[in-house]
Amino acid sequence: MSRPIISGERMLARLQSLGQIGAVESGGCTRLAFSDEDGRARDLIKTWLEQAGASVTVDSIGNLYGVVQGLSSGAPIMTGSHIDTVARGGQLDGCYGVVAGIEMLQAIRDAALQPSVSLAVAVFSNEEGVRFSPDLLGSRVIAKDISLEEALATQSRDGKSVAGELKRIGYAGESSPWALLPSKFIELHIAQGPCLEASGTAIGIVEGVQGHSWWEVVVQGCANHAGTTPMPLRLDAGVAAMRMACALQASACLERLPAVATVGTFTLEPNAINVVPGLARFTVDFRDAEDGQLREADLLLRSEAKKLEDLGFMVQLSHLSRALGVRFDATLCDTLQATATSRGASTQRMVSGASHDAQMMATLCPTAMLFVPSIGGISHNPKEKTLDEDLVAGAQILTDAMWSLATTA
Ligand SMILES: [Zn+2]
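Here the structure is a predicted model, which is why all the values come from computation and not from measurement.

Conventions and cut-offs
- Residues numbered from 1 in each chain as written.
- Predicted model: local features only at pLDDT ≥ 70, side-chain atom pairs only at ≥ 80, totals over all residues.
- Heavy atoms only, no water.
- Salt bridge = Lys/Arg side-chain N within 4 Å of Asp/Glu carboxyl O.
- Helix = DSSP H or I, 4+ residues; strand = E, 2+ residues; numbered from the N terminus.
- Buried < 20%, exposed > 50% of the residue type's maximum accessible area, 1.4 Å probe, protein only.
- 1 Å grid on protein atoms, 1.4 Å probe; cavity = no way out; pocket = protein on both sides within 12 Å on 5 of 7 lines; lining within 4 Å.
- Points joined across faces, edges and corners; volume = space filled by probe spheres on them.
- Nonpolar A, V, L, I, M, F, W, Y, C, P; charged D, E, K, R; others polar.
- Core = buried A, V, L, I, M, F, W, Y, C linked by side-chain atoms within 4.5 Å.
- Contact = heavy atoms within 4.5 Å.
- Donors = N, O, S within 2.8 Å, 3.2 Å for Na, K, Ca; no water.
- Axes fitted to C-alpha atoms, helices over the stretch in contact; angles between N-to-C directions.
- Parallel < 35°, antiparallel > 145°, perpendicular 65-115°, else oblique.
- Left-handed = near helix turned anticlockwise from the far one by under 90°.
- Phe/Tyr/Trp six-rings, centres within 6.5 Å; stacked < 30°, edge-to-face > 60°.
- Lys NZ or Arg CZ within 6 Å of the ring centre and 35° of its normal.
- Expected span 1.5 Å × (residues − 1).
- Arc of directions from axis to C-beta.

K.L.:
Got a minute to help me understand the pattern of salt bridges in this structure?
P.N.:
Pairs can form between side chains of opposite charge whenever their charged atoms are close. Tallied over the full model, the rule gives 19 salt bridges. A salt bridge links D310 to K306; the nearest nitrogen and oxygen atoms lie 3.0 Å apart. On the criterion of helical spacing, the pair formed by D310 and K306 is a turn pair, its members being four residues apart in helix 9 (residues 291-310). Relative accessible area serves as the criterion here: at 56%, D310 is assigned to the exposed category. Since its relative accessible area comes to 44%, K306 is described here as partly exposed. Here the salt bridges do not stand alone but share partners, grouping D36, R131, E165 and R168 into one network.

Shown next, in the form of structure tokens:
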């Protein structure tokens, strides 16, 4: 049975043209959500979707969809990402997943094929959250993580509302954000980190997105003279805090508990060369895809604090923030891996360190992600780059997977 084969050349050329909207020097792009540039980029995406035979709709938070009807009715299988960027971002973050999705639809049309179930490409509003916070705004509304009213009323720092800006650029759509809920969602994205390139792997099968648990720790000891206080009689808050930091780092390194742990700020008082520190204050950033692992890491932090208290220190722990990790669908991950393998691509299971619209879609339907390598792991930077052959391979694997889901479903 014939299946759609993408044109790598056409997809790469389209990525280039999209990157010209809001282009900055050295190949980067500034296209903040709901700006004039966002509006012009949406116009271009709409044209390409229509050329690919898709019917285009826009919902009331500005999410844009292109749908190719299947032979039977029912919820579509969806792919997609975002086309807004950070200030001085790259040309691939988000755009790659959208342009690859359009290429999939175009390849289906070129081969005169029709899927059994409908296929959709989504362009989610304000993924980056730079001009309007929170991030993932469009997919957050679909997932009911934020209400539509609250999202539309969100103000930018320069006093503009999402509702007003959507209207101004012509993308205040009329359809409901819940009119097109998919049965499955797959997002293709650049890795944005160094792991795939470092291991020489072509495709990352993303099993989830990391959550975090953030703490502030204050260790109180006794400030004293650095010359006259004998070592056994010190209550050195600095050394105590460093021991705790090292224990957390060792746990992440040796036990992967949690996946990564970072002490990113560290201050001492009185912070003088000839005084034993009386107080140390530092922050802890734990990240892991598994919420259980994060909770174990929290317990580890408490037990390390207890060890210091047993030595006579006072330790104050303040929990600053928590976000749950997200697990993608295991069956869909297996499908993506088998698809990549059948194309001869090497694969690696991984967890995303960055947020993606897919994590919101995962609350609604079986969801997974595919990553392609980022050269040097650089992203949110004009230097963001992926080899052309990797971009083309990733898009064909997405197309293969979507097509087989849409014809066997
Ligand atoms: Zn992105």
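Okay, back to it.
K.L.:
Help me understand empty space enclosed by the protein, please; the structure alone is not making it clear to me.
P.N.:
Think of a ball as big as a water molecule: rolled over the atoms, this probe shows where empty space is left. If you walk through the whole model with that rule in mind, you get two cavities of 30 Å³ or more. Here the largest cavity is characterised by a volume of approximately 40 Å³. A breakdown of the residues in the lining of the largest cavity according to their chemical character gives one nonpolar, four polar and four charged. Within this model, the second largest cavity holds a volume of roughly 30 Å³. Contributing to the lining of the second largest cavity are Y65, M78, F124, I142, P177, L180, L181, P182 and M361.

K.L.:
Teacher, can you tell me more about the nonpolar core here?
P.N.:
In globular proteins that are soluble, nonpolar side chains generally tend to be buried together. If you look at the biggest cluster of nonpolar residues, it comprises 87 residues, and the most contacted ones within it are I45, Y96, L105 and F328. If sequence neighbours within four positions are ignored, F328 has contacts with V206, E207, G208, V209, C333, A358, Q359, A362, T367, A368 and M369. A237, L248, L301 and A305 belong to the second-largest nonpolar core, a separate cluster that totals 20 residues.

K.L.:
Honestly, the coordination of the zinc ion in this entry has me stumped. Any pointers?
P.N.:
Reference values for coordination geometry: four tetrahedral donors around a metal ideally subtend 109.5 degrees, six octahedral donors ideally subtend 90 or 180 degrees. Taken together, H82 (NE2), D93 (OD) and H189 (NE2) make up the protein donors of the zinc ion, found 2.0 to 2.2 Å from the metal. Read in sequence order, the donor residues for the zinc ion give the motif H-x10-D-x95-H. Here the residue D93 occupies a position in the loop between strand 5 (77-81) and helix 3 (95-110), and H189 occupies one in strand 7 (residues 184-190), the gap between them amounting to 96 residues. Across the pair, H189 and D93 agree in class, each one buried.

K.L.:
I would appreciate a short explanation of the packing of helix 1 (residues 8-19) against helix 12 (residues 388-408) in the present structure.
P.N.:
In helix packing, the relevant descriptors are the interaxial angle and the interaxial distance, both defined with respect to the helix axes. Running from N to C, helix 1 and helix 12 point in directions that differ by 110°, and their axes come no closer than 10 Å. Between helix 1 and helix 12, the interaxial angle falls into the category roughly perpendicular. The handedness of the crossing between helix 1 and helix 12 comes out as right-handed. Between helix 1 and helix 12, the residues in contact are G8, M11, L12 and L15 and D388, L391, V392 and A395, respectively. Looking at side-chain class alone, the contact of helix 1 with helix 12 contains six nonpolar, one polar and one charged residues.

K.L.:
How should I be thinking about the packing of aromatic side chains in this particular structure?
P.N.:
The relative placement of two aromatic rings is captured by the distance of their centres and the angle of their planes. Within the structure shown, the criterion is met by three aromatic pairs. On the basis of an interplanar angle of 20° and a centroid distance of 5.7 Å, the ring pair of F266 and F282 is categorised as stacked. Of this pair, F266 sits in strand 12 (residues 266-269) while F282 sits in strand 14 (residues 279-288); the two residues are 16 residues apart in sequence, bridging distant segments of the chain. Taking NZ or CZ as reference, R42 lies 5.2 Å from the ring centre of Y171, over its face.

K.L.:
In this structure, what is going on with the side chain of T399? I would like to understand it.
P.N.:
Looking at the secondary structure, you find T399 in helix 12. Excluding anything up to four places from it in sequence, T399 contacts P4, I6 and M104.

K.L.:
Even after reading the chapter, I still don't get unusual backbone geometry, so can you show me in this structure?
P.N.:
Backbone phi values are negative for most residues with the exception of glycine, while trans is the configuration of most peptide bonds. Going from S133 to P134, the amide bond is cis rather than trans, its omega being 10°. Along the polypeptide, P134 turns up in the loop between strand 6 (119-123) and helix 4 (137-142). The peptide bond linking L257 to P258 adopts the cis configuration, its omega dihedral lying at -5°. Looking at the secondary structure, you find P258 in the loop between helix 8 (237-255) and strand 11 (260-262). With phi around 65°, Q192 is a residue other than glycine that occupies positive phi space. Locating Q192 in the fold gives a position in the loop between strand 7 and helix 7 (195-199).

K.L.:
In this structure, what is going on with helix 1? I would like to understand it.
P.N.:
An α-helix turns once every 3.6 residues. As a result, residues three or four positions apart point the same way. Spanning 12 residues, helix 1 covers 17 Å between terminal C-alpha atoms, matching the ideal 16 Å at 1.5 Å per step. The complete set of buried residues in helix 1 reads G8, M11, L12, R14, L15, L18 and G19. Along the axis of helix 1, the buried positions cluster into a sector of 160°, meaning they face one direction only. Against the buried residues of helix 1 lie strand 1 (23-24), strand 2 (28-29), helix 2 (36-51), helix 3 and helix 12.

K.L.:
Explanation requested: the environment of P115 in the structure shown.
P.N.:
By the secondary structure assignment, P115 is in the loop between helix 3 and strand 6. The exposure class assigned to P115 is buried, which follows from its relative accessible area of 0%. Measuring from C-alpha to C-alpha, the distance between P115 and R281 comes to 59 Å, with 166 residues separating the pair along the chain.

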